[in-house]
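# Summary of structural features
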Amino acid sequence: MSVCLKLTEATIKFGGLVAVNKVSFELKQGDLFGLIGPNGAGKTTCFNIITGVYKPTSGEIEFNGKLIGGTPSNKIANLGIARTFQNIRLFKSLTVIENVVVGGFLRHKTGLFGAMAYLPAQIRETEKLRAEAMELLKIVDLADMASARSADLSYGMQRRLEIARALATQPKLLLLDEPAAGMNPQEKEELNVMVRRIRDQFQLTVLLIEHDMRFVMSLCERILVLDAGTEIASGPPDAIRNDPKVIAAYLGQPA
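All figures in this text were calculated on a predicted structure; none of them were measured in a lab. (Residues numbered from 1 in each chain as written. Predicted model: local features only at pLDDT ≥ 70, side-chain atom pairs only at ≥ 80, totals over all residues. Heavy atoms only, no water.)

Looking now at the sheet that holds strand β4 (residues 58-63). With antiparallel pairing, the four strands of this open sheet are ordered in space as β2-β1-β4-β5. Two strands bound the open sheet, and with one partner strand each, they are β2 (17-28) and β5 (66-67). In the sheet, β4 pairs with β5 via two bridges, with the strands oriented antiparallel. Across the sheet, Phe63 pairs through a bridge with Lys66, a residue of β5. Contacts from helix α1 (residues 43-50) reach β1 (3-14), β2 and β4, with the element oriented near 115° to β1. (Pairing = 2+ DSSP bridges. Helix = DSSP H or I, 4+ residues; strand = E, 2+ residues; numbered from the N terminus. Contact = heavy atoms within 4.5 Å. Axes fitted to C-alpha atoms, helices over the stretch in contact; angles between N-to-C directions.)

What follows is the structure, given as C-alpha cells:
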C-alpha cells in the first residue's frame, strides 16, 4: 500500500507554548488510525496543521507525496482531505440533503452561487449532486430525514450528517474529530460498523481523534498517543492498552 499521509517531526508553537512537538507518523492507503491522548495533548492541533488551519513551525507534512504544510484549508480540501469537527459545524437552517449538496459543490464547476442562478447547466449539475447526496445519506442511515432541517436532528444524527457532507467532497483521507461524542452505546456500535463500511466502500484512509477508549480500541488498527504535544506510544490497540506510559498519562500519574 502506498503512503497517503506522512508527518515528519511536525511541530507548532504558539509563543512559548509547544502545542505539537516533533510528531512523526505515516498512514498507508486504507488505514484506520487513531490519535488519542488526555485533554490538552495536542490532538486537534495536529488535525489543524494537517488541514491547513495552522502552519507548522517546523517539520514536514506530506499528502500523497506532496508537501502540504502551510497550504490553505480550501486547497487542502481540493487535494482530497476532508474532516469533521469536535464542535459540529452544520448549516442549521438548511435541510439534511442540502448540507450534503454543499459539500459536493467543492468538486463541481457550478459552485453554490452558480446553482442559485438556475441556468440549465447549473440545474442539471445540482440535480446530480442531490442524487449523489441521497446515496450518501443512505450510507449513513439518514435518507428518511433528507427533508428535515439539520437543526432538528439528534446529536448523533448530526454527527453522521457531518460525515456524509465530508464524503460528498470525495476525499482520499477522512479526518474524524471525536465522531462518537454524544452518542449512546448502540449509536457508537453502529458508527463503528459504518466507518469500516465507508473505509472499504470508498477505499479511504481514516484518521480519528476520540476520547472513548473502547470505541478507539475496537475500531482502529493502529494508534498513536500524544501527551503534552509529544508522542509517548504508538502501535496496535493491545500494545497501547497495556502501555504504562499511556496508563500514567490518562490517570495523571508518573509512569
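Interaxial distance between helix α3 (residues 96-104) and helix α6 (residues 155-167) falls to 7 Å at its minimum, and their mutual angle equals 35°. When the axes of α3 and α6 are compared, the crossing they make is right-handed. Contact residues: Val96, Asn99, Val100 and Gly103 in α3; Leu161, Ala164 and Arg165 in α6. Split into classes, the residues belonging to the contact of α3 with α6 amount to four nonpolar, two polar and one charged. (Left-handed = near helix turned anticlockwise from the far one by under 90°. Nonpolar A, V, L, I, M, F, W, Y, C, P; charged D, E, K, R; others polar.)

Further remarks concern unusual backbone geometry. Among all residues save glycine, negative phi is the norm, and among peptide bonds the norm is trans. A positive phi is found at Lys22, a non-glycine position, where the angle reads about 50°. Mapped onto the secondary structure, Lys22 falls in strand β2. Using a relative accessible area of 54% as the deciding quantity, one classes Lys22 as exposed. (Buried < 20%, exposed > 50% of the residue type's maximum accessible area, 1.4 Å probe, protein only.)

It is worth spelling out a nonpolar patch on the surface at this point. Together, Phe14, Leu17, Val53 and Tyr54 line one region of the surface with nonpolar side chains, adding up to about 350 Å² of accessible area. As for its position among the elements, Val53 is in the loop between α1 and β4. (Patch = residues over 30% accessible without salt bridge, like charges linked within 9 Å, V, L, I, M, F, W, Y side chains within 5 Å. Areas by Shrake-Rupley, 256 points an atom, 1.4 Å probe, with all protein chains shown as cover. Salt bridge = Lys/Arg side-chain N within 4 Å of Asp/Glu carboxyl O.)

So, on to the packing of aromatic side chains. Applying the stated criterion to the full structure yields two aromatic pairs. Ring geometry for Phe14 versus Tyr54: centroids 5.1 Å apart, planes at 75°, classification edge-to-face. With Phe14 in strand β1 and Tyr54 in the loop between α1 and β4, the pair connects residues that are 40 residues apart, well separated along the chain. Residue classification places Phe14 among the partly exposed positions, given a relative accessible area of 36%. With a relative accessible area of 32%, Tyr54 lands in the partly exposed category. Ring geometry for Phe25 versus Phe33: centroids 5.1 Å apart, planes at 15°, classification stacked. Note on accessibility: Phe25 and Phe33 belong to one class, buried. Directly above the aromatic system of Phe85 lies the positively charged group of Arg89, at a separation of 4.0 Å from the ring centroid. (Phe/Tyr/Trp six-rings, centres within 6.5 Å; stacked < 30°, edge-to-face > 60°. Lys NZ or Arg CZ within 6 Å of the ring centre and 35° of its normal.)

Let's shift gears to the pattern of salt bridges. Scanning the model with the defined rule gives nine salt bridges in all. Note that Asp177 is salt-bridged to Arg83, the shortest N-O span being 3.5 Å. Highlighted residues: Asp177 in strand β7 (residues 173-177) and Arg83 in strand β6 (residues 81-83), separated in sequence by 94 residues. The burial state of Asp177 is the same as that of Arg83; both residues are buried. Between Arg199 and Glu221 there is a salt bridge, and its shortest N-O distance comes to 3.2 Å. Of the two residues, Arg199 is situated in helix α7 (residues 185-202) and Glu221 in the loop between α8 (213-219) and β9 (222-227); the sequence distance between them amounts to 22 residues.

On to α7, then. Because an α-helix completes one turn every 3.6 residues, residues spaced three or four positions apart along the sequence face the same direction. Helix length check: α7, at 18 residues, gives a terminal C-alpha distance of 26 Å against a target of 26 Å (1.5 Å per residue), a fit within 8%. All buried positions along α7 are accounted for by Glu187, Leu191, Asn192, Met194, Val195, Ile198 and Arg199. By the N-cap criterion, in which a side-chain oxygen at the helix start approaches the backbone nitrogen of a residue two or three places on, α7 is capped by Asn184, the distance to Gln186 being 3.1 Å. (Expected span 1.5 Å × (residues − 1). Polar contact = N/O pair within 3.5 Å; in protein donor to acceptor, adjacent residues only side chain to side chain.)

Note that all results are geometric; they support no functional claim without further evidence.
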